[in-house]
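Per-entry structural report
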Amino acid sequence: KAGVTQTPRYLIKTRGQQVTLSCSPISGHRSVSWYQQTPGQGLQFLFEYFSETQRNKGNFPGRFSGRQFSNSRSEMNVSTLELGDSALYLCASSFRTSPSYEQYFGPGTRLTVT
Amino acid sequence: DQQVKQNSPSLSVQEGRISILNCDYTNSMFDYFLWYKKYPAEGPTFLISISSIKDKNEDGRFTVFLNKSAKHLSLHIVPSQPGDSAVYFCAAMNYGGSQGNLIFGKGTKLSVKP
């Protein structure tokens with residue numbers, strides 16, 4: 001079974017631009033979560049989508065948004081990029097039903113903002 | 001305020017010996033706990049999980065112990081192998097409250113020496 005895929009793997013943008021990252025979950029998984037990893041803050045939860053609806057949201061500004069499509073694929077958008085947005089963005093998918101609460105991560109998208 | 005803490009940033013163990021990685025949490029609402037392993041430039045790989053109704057879960061060389069009264073869990077790797085060298089993250093979630101997002105610790109870097 002194919003794992004979680006994320007595109008692109010690497011991205012360089014300049015301040016003020018916007019960016020869209022894509023995530024394809026494991027087949028059959030309906031939940032997709034997004035996380036930001038930085039050296040200082042570690043792994044922090046951005047938001048979760050389940051059946052095209054945002055179910056949970058972390059403590060990030062409104063510049064960070066996402067959506068999920070009917071095939072469970074998800075996109076994350078960051079508008080008006082700031083230098084501090086440079087990070088590894090990870091997507092994770094899950095069945096989100098008992099007893100399988102485990103989330104499986106993709107390889108991440110490394111975003112560099114200059 | 002860190003809800004999940006891994007107080008040892010690094011751990012060095014000899015090949016064949018036991019590795020014990022520790023994790024403490026503060027939120028008594030957490031009801032599901034997971035361990036992930038991460039190599040540089042890759043997403044976290046799910047290792048093992050435990051529900052709050054259990055105190056031990058075993059999978060091959062990996063065993064997770066949960067002490068709810070102490071709000072403490074640990075991951076034992078026996079025997080340790082050089083390929084186990086990676087950063088290990090402890091994560092927790094409050095699934096019963098439908099907050100399915102993972103809260104991560106900062107990670108412990110394990111080095112297994114041949």
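Residues numbered from 1 in each chain as written. Chains lettered and ligands numbered in written order. Predicted model: local features only at pLDDT ≥ 70, side-chain atom pairs only at ≥ 80, totals over all residues. Heavy atoms only, no water.

Description of the interface of chain B and chain A
The criterion, for reference: What makes two residues a contact is simply this: any of their non-hydrogen atoms within 4.5 Å. In this description, buried area is defined as the sum, over both parts, of the accessible area (probe of 1.4 Å) that is lost when the two are combined. Think of a salt bridge as a Lys or Arg side-chain nitrogen and an Asp or Glu carboxyl oxygen that are within 4 Å of each other. In DSSP terms, a helix is any run of H or I states spanning at least four residues, a strand is any run of E spanning at least two, and both are numbered starting from the N terminus. Gly falls in the polar group here, along with every residue not listed as nonpolar (Ala, Val, Leu, Ile, Met, Phe, Trp, Tyr, Cys, Pro) or charged (Asp, Glu, Lys, Arg).
Facing the 20 residues of chain B at the interface are 21 residues of chain A. The contact between chain B and chain A buries some 1,700 Å² in all, and 56% of this surface belongs to carbon and sulfur atoms. Our enumeration of links across chain B and chain A arrives at 0 salt bridges. Elements with a contribution of two residues or more to the side of chain B that touches chain A: β4 (32-38), β5 (45-51), β9 (86-94) and β10 (99-104) of chain B. Counting residues per element, the side of chain B that touches chain A draws most heavily on β10 of chain B, at 5 residues. Along the lines of polarity and charge, the residues of the side of chain B that touches chain A split into 11 nonpolar, 6 polar and 3 charged.

Let's talk about the environment of A86 of chain B
Residues and elements named next belong to chain B. What counts here: Summary of the burial criterion: residues with accessible area below 20% of their type's maximum are buried, those above 50% are exposed, and those between are partly exposed, where the area comes from a 1.4 Å probe applied to protein chains only.
Its location among the elements puts A86 in strand β9. When its relative accessible area of 8% is taken as the criterion, A86 is described as buried. As a C-alpha pair, A86 and S111 span 25 residues in sequence and 6.9 Å in three-dimensional space. Apart from the residues within four sequence positions on either side, A86 is in contact with K37, K38, Y39, T108, K109 and L110.

Notes on the sheet that holds strand β8 (residues 74-78) of chain A
All names here are of chain A. This is how it is decided: Two strands pair if DSSP finds at least two bridges between them. To define axes, lines are fitted to C-alpha atoms, for helices over the stretch in contact only, and angles between the resulting N-to-C directions are given on a 0 to 180 degree scale.
The strand order across the open sheet formed by 4 strands is β1-β3-β8-β7, and the pairing between neighbours is antiparallel. This sheet does not close on itself; its edge strands, each paired only once, are β1 (5-7) and β7 (64-68). Across the sheet, the mean angle from the axis of one strand to that of its neighbour is 20°, orientation sign disregarded.

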